[in-house]
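Report on the structure
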Amino acid sequence: MSLFKVRDCWSTECGRGTETFGCDGLVVDDLFGAGEDNVILGSLDGVLRVYGMHAAPTAADLHYSPSDLLVEVQTDSPVLQVCTGKFVSCSPNKYIAVLHPFSLVVHGVNRIAGSTDHGDQYVLETMYEHKFERSAYQVIAGPFGGGTGSRDFLCVMSLDGAVSVYEQQAFGFRTALPNYLHPFPMKYVRSADAFITLNADFCLVCYKYQELADPSQKQKCPVWSCTLGETVCDIQTAEITPSATTIHVLGERNYYCFQGNGVLWFTKRLQYTPCCFHPYILGDHSEVKTMCMIVSDTDTVLIYEQTKLRWSAKLFYRPCIIARASFKALQGCLVLLSETGDLRFCYLGTEPMIFMAPERPPEDYKDTKNQLVQLKKELQNMSLRDEADTLPLLKLNTRILSVRSEGPRKLCNVEVDVTPSLAISTVQITFQTITPLVILPKVVHLKDLTETMTIRALAHRDDDDSESVVSSMECTTYAYYSTASDELGVVQQIVRLPLSLAYESHPTPPSDFSWSAKIVVDETPVALRTLFNEFVDSSPSELCFRAIPGFNAKYVWVTAVPAIRSYEIRSSGSEYANVVFEEILFRHKEYYKSKACTVRCDKNEILVAELYRIIEEHVVLKEKLQFVEDETSLLCSQYRVIQKCLFNKLKENTVQSVSGLSILIDDTHESLMEKTSETKLIQKELKVKFSDLLSVTRLLVNMLSLCSKNDTILEEFKETVVYSTENQNWEDIVLQSLSYLIGNKITLNVHNDVPAHLIMSLKTLIDFEIKRITTVNDEVPNKLKIENSRGAVSPIPESEEDFYT
């Protein structure tokens, strides 16, 4: 608990949390000249409110009363901003200017004295309204033109950079700001009679009012400018004297303070993300202090005197607006408003902890030493817990139902019974499959689980990915759970989806097969009718599978040869055979599960060449995609430059000045669309090629497992190369992982950032790992070193090699 917190003395909730408020929807001013401030609020839901604090002798007596809400009016449009000033000619009273998206309305608050217990009555009166066609962004009020303060004008800044000035009831002029692409805050500096804003180059610029009002000057030049290099959250001004004004700018990472003539007074580097701020002046002219309150993203208000932090206090919430107000009972209180309408008047204070630590009795170190010795003996004699105590609190039972057809699609229902042994507070069930197979819903959340519950999901092939090959039929169900005592656990179960989701039987096998392999078994091979009973009814000696969807025309042919106790597999490509290969191994072992059957294959049939071919194609596609993305980035930069030039030319209001740029922007847009379409095609090809790569690597590992001499190395190799990734960075990750596993047994001297060298490194590492897996340990060379004319290459830059030696 923090010691320094703001103390709440008055609070209310505007709109009961159903309204939304922007960062310009609050202003504090004395509307009636009574020596107390009023708070004017405008919400994005179109509600305008005026609050006035009731009289109280002390701050402790302040509390919200229904009579504090003086005015509450529902308008027809959202309120973007509110401000106060002398906006009606020949009237010294202050009025409220309300900015809507397409209008500016000036209201007056009339007070009608009451003679009953209800007190005074306040009525909102509309004085005049200005409508405009451009979408408004901000309104600025002030005595433009060097006025004495007896009247105020209004300046409306639109989203496209147009500045419209209204001299009270009359329209003044309209002009456009140069180098404008995005709306930023804009403020009026009375002492300089100028406007401060940020342009598209992230430069703080100052424009004189007289120059903006001069119609003869088409090119508006700033009086001074300062490059900030960051976007601006807000701009505020604070008057030390009527002739001396400070300009305060809150950036994303810095707080700046400028003098009225543009000279940077000081800057403060912020170590947090600011949300809003409010600068103000304390003291007389002889001992003036420039103060600033900044709200951080950690719900803390920090109060600075120039660059020195004077106070820090914790807030109740994160406000979108912070201001200061003065009342008779409380001078200089904090006004906080959240985005949901939580309005509070607060002051800085402390909240000390009432709890005091009890006095610590003197310790007897001799007894403590004896307790430590006894505790060590108990730990040494403690036996391990029974396995029954470590059983998970959740049990999964996944069932795969039959496959059905809906048009060209194949669908399969999956049911999971979730059974808790104790009460479980939260459970998250997650299904994981390898694309293009998907299962929906992928994540299911359960709460307060006390009995068995059945979760149903639907597995099918992704309709938007008809070209990728199915590399595995495995579906993993994860259950992450937590109990009421915050005990966490996870349970998983792996099941196999039906093979008919990916393949269908075909009567006539083709004659052109590019890949073949043989699985040798000790027992008699199982008949295909028994092995694949969902595909055939008779007893064929061979069975042909066709990949779904059928327009790819990819086939896998399986033959059971009892004479030589083997299964022969032929396919249109090695990437299509892995699922059938895994099914044969799985179903054969399930058939002979009561016996210790041995399955093996010839290590000379391991598809290393096919793997290297797909890796090369995958690397080439990644290089091609990177080249197209770089060209697209250049075209986007060119397009933004042309847009910027086109906006500047459009302000000249001549058709001839934009004729050349219009042709250039059309050509750039057409080239950009072509590159975007090309990028989508390459990404689709890359996704298909990655599925081929994943299928071939799984097939390679399955074949290595049938002729492995070192199961530990095989398991490490499998975890390295068999995984799915979304960022298509398979080669780089595998290269680093294999290099770590092999250690210093291979010295690579190639540059990994070059595609040819990357492929060469992968071939070298994979070849070495395959030799380690398929060869007895004594036959593997201790160290393999590859040399070339380039010499050994260090993994660190050449300029830093001397530093590490």
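Residues numbered from 1 in each chain as written. Predicted model: local features only at pLDDT ≥ 70, side-chain atom pairs only at ≥ 80, totals over all residues. Heavy atoms only, no water.

The next thing to look at is the overall build of the chain. Scanning the chain from terminus to terminus reveals 10 helices and 44 strands. Per-residue burial over the chain gives 46% buried out of 805 residues. Intrachain contacts of the chain at a sequence separation of at least 6 include 57% that bridge at least 24 residues. As displayed, the chain has an accessible area near 42600 Å², and 50% of this comes from carbon and sulfur atoms. (Helix = DSSP H or I, 4+ residues; strand = E, 2+ residues; numbered from the N terminus. Buried < 20%, exposed > 50% of the residue type's maximum accessible area, 1.4 Å probe, protein only. Contact = heavy atoms within 4.5 Å. Areas by Shrake-Rupley, 256 points an atom, 1.4 Å probe, with all protein chains shown as cover.)

Time to look at the environment of Q638. Mapped onto the elements of the fold, Q638 is located in helix 5 (residues 608-650). Along the primary structure Q638 and L664 are separated by 26 residues, whereas in three dimensions their C-alpha atoms are 9.9 Å apart. Aside from chain neighbours lying at most four places away, what touches Q638 is L664 and T668.

Counting across every chain of the model gives 24 aromatic pairs. Where Y255 meets F266, the ring centres are 5.8 Å apart and the plane angle is 70 degrees; that geometry is what we call edge-to-face. Of this pair, Y255 sits in strand 20 (residues 254-259) while F266 sits in strand 21 (residues 264-269), placing them 11 residues apart in sequence. Relative accessible area serves as the criterion here: at 9%, F266 is assigned to the buried category. Through a chain of ring-to-ring contacts, the aromatic side chains of F144, F153, F173, Y188, F195 and Y209 assemble into a single cluster. Its guanidinium or amino end placed over the ring of F316, R344 lies 4.7 Å from that ring's centre, counting from NZ or CZ. A cation over a ring is seen here: R496 above F586, with NZ or CZ 5.4 Å from the ring centre. (Phe/Tyr/Trp six-rings, centres within 6.5 Å; stacked < 30°, edge-to-face > 60°. Lys NZ or Arg CZ within 6 Å of the ring centre and 35° of its normal.)

Burial runs high along strand 35 (residues 474-482): seven of the nine residues are buried. One ladder, built from seven bridges, connects strand 31 (residues 424-432) with strand 35; its direction is antiparallel. Paired with V427 across the two strands is Y481, which belongs to strand 35. The loop that links strand 35 with its antiparallel partner strand 36 (residues 488-496) comprises five residues; one of these, D486, has a positive phi angle of about 60 degrees. (Pairing = 2+ DSSP bridges.)

Pairing is antiparallel across the open sheet formed by six strands, whose spatial order is 37-39-40-41-38-42. Where the open sheet ends on each side, the last strands, each with one partner, are strand 37 (503-506) and strand 42 (599-600). For strand 40 (residues 555-561) and strand 41 (residues 566-571), the ladder comprises six bridges, and the chain directions are antiparallel. Residue pairing across strands places V556 opposite S571, the latter belonging to strand 41.

Let's shift gears to the layout of surface pockets. By volume, the largest pocket is sized at about 1600 Å³. What lines the largest pocket is a set of 48 residues, among which V27, V28, K187, Q236 and T237 lie closest to the centre. Sorting the residues of the lining of the largest pocket by element identifies strand 2 (26-29), strand 6 (81-85), strand 10 (136-142), strand 14 (187-189), strand 18 (232-241), strand 22 (274-282) and strand 26 (321-325) as the ones contributing at least two each. Looking at the lining of the largest pocket residue by residue, the classes come out as 27 nonpolar, 10 polar and 11 charged. (1 Å grid on protein atoms, 1.4 Å probe; cavity = no way out; pocket = protein on both sides within 12 Å on 5 of 7 lines; lining within 4 Å. Points joined across faces, edges and corners; volume = space filled by probe spheres on them. Nonpolar A, V, L, I, M, F, W, Y, C, P; charged D, E, K, R; others polar.)

Another aspect to go through is the nonpolar core. Counting 98 residues, the largest nonpolar core has Y503, I519 and F545 as its most contacted members. No other element matches the nine residues that helix 6 (residues 659-706) contributes to this core. Setting aside residues no more than four positions away along its own chain, I519 makes contact with R565, S566, Y567, I569, F581, I584, L585, V599, R600 and L706. Among the nonpolar cores identified, the runner-up in size contains 22 residues, and C14, C320, C333 and V335 belong to it. (Core = buried A, V, L, I, M, F, W, Y, C linked by side-chain atoms within 4.5 Å.)

Turning our attention to the sheet that holds strand 30 (residues 409-420). Spatial strand order, 29-30-34-32: four strands in an open sheet with antiparallel pairing. The strands lining the two open edges of the sheet, one partner per strand, are strand 29 (394-406) and strand 32 (437-440). Neighbour-to-neighbour, the strand axes of this sheet turn through a mean angle of 25 degrees, independent of strand direction. (Axes fitted to C-alpha atoms, helices over the stretch in contact; angles between N-to-C directions.)

Turning to the pattern of salt bridges, a few remarks are in order. A complete count under the given rule lists 29 salt bridges for this structure. Linking R49 and E72 is a salt bridge whose minimum nitrogen-to-oxygen distance equals 3.2 Å. Within this pair, whereas R49 is found in strand 4 (residues 47-52), its partner E72 is found in strand 5 (residues 69-74), the two being separated by 23 residues in sequence. A single salt-bridge network, built from bridges that share partners, covers E474, R496, E582, E583, R587 and R698. (Salt bridge = Lys/Arg side-chain N within 4 Å of Asp/Glu carboxyl O.)

We now examine the packing of helix 7 (residues 711-721) against helix 9 (residues 755-774). Contact geometry of helix 7 with helix 9 gives a least axis separation of 8 Å together with a crossing angle of 150 degrees. In terms of their interaxial angle, helix 7 and helix 9 are classed as roughly antiparallel. Between helix 7, through I713, L714 and F717, and helix 9, the contact on the second element is made entirely by I766, E769, R772 and I773. Here the contact of helix 7 with helix 9 is built from residues that sort into five nonpolar, no polar and two charged. (Parallel < 35°, antiparallel > 145°, perpendicular 65-115°, else oblique.)

On the surface, F4, W311 and L348 cluster together into a nonpolar patch covering about 230 Å² of accessible area. With respect to the helices and strands, the residue W311 is situated in strand 25 (residues 308-314). Judged by its relative accessible area of 31%, W311 is partly exposed. (Patch = residues over 30% accessible without salt bridge, like charges linked within 9 Å, V, L, I, M, F, W, Y side chains within 5 Å.)

Within the element layout of this structure, S471 appears in the loop between strand 34 (453-461) and strand 35. Accessibility expressed as a relative area gives 1% for S471, which makes it buried. Those residues within four positions of S471 in sequence are excluded, and the remaining contacts are I434, N578, V579, S691, L694, S695 and R698.

The next subject is the confidence of the model for the chain. Chain-level statistics for the chain give a pLDDT mean of 82 and a share of 88% at 70 or above. The secondary structure element of the chain with the lowest average pLDDT is helix 10 (residues 801-804), at 33, and the one with the highest is strand 7 (residues 95-100), at 95. Counting contacts from residues 384-389, a segment whose pLDDT is below 50, to residues more than four positions away or on other chains yields one contact. (pLDDT = per-residue confidence, 0-100.)

Now for the environment of Q306. Along the chain, Q306 falls in the loop between strand 24 (300-305) and strand 25. Among the residues examined, Q306 registers a relative accessible area of 33% and is labelled partly exposed. For the pair Q306 and K289, spaced 17 residues apart in sequence, the C-alpha separation works out to 8.0 Å. Among residues more than four places away in sequence, those in contact with Q306 are Y255, W265, F266 and T290.

Now for empty space enclosed by the protein. Applying the stated criterion across every chain yields a total of three cavities of 30 Å³ or more. A volume near 70 Å³ is recorded for the largest cavity. Taken together, 12 residues make up the lining of the largest cavity; nearest its centre are R461, S468, V469, A547 and I548. Class assignment of the residues belonging to the lining of the largest cavity gives a composition of eight nonpolar, two polar and two charged. By volume, the second largest cavity is sized at about 60 Å³. Together, F132, R134, S135, A136, V156, S158, A162, S164, Y166 and R174 line the second largest cavity. For the lining of the second largest cavity, the secondary-structure elements that each account for two or more residues are strand 11 (153-158) and strand 12 (162-167). Broken down by element, the residue count for the lining of the second largest cavity peaks at three residues, all from strand 12. Partitioned by chemical class, the residues of the lining of the second largest cavity number five nonpolar, three polar and two charged.

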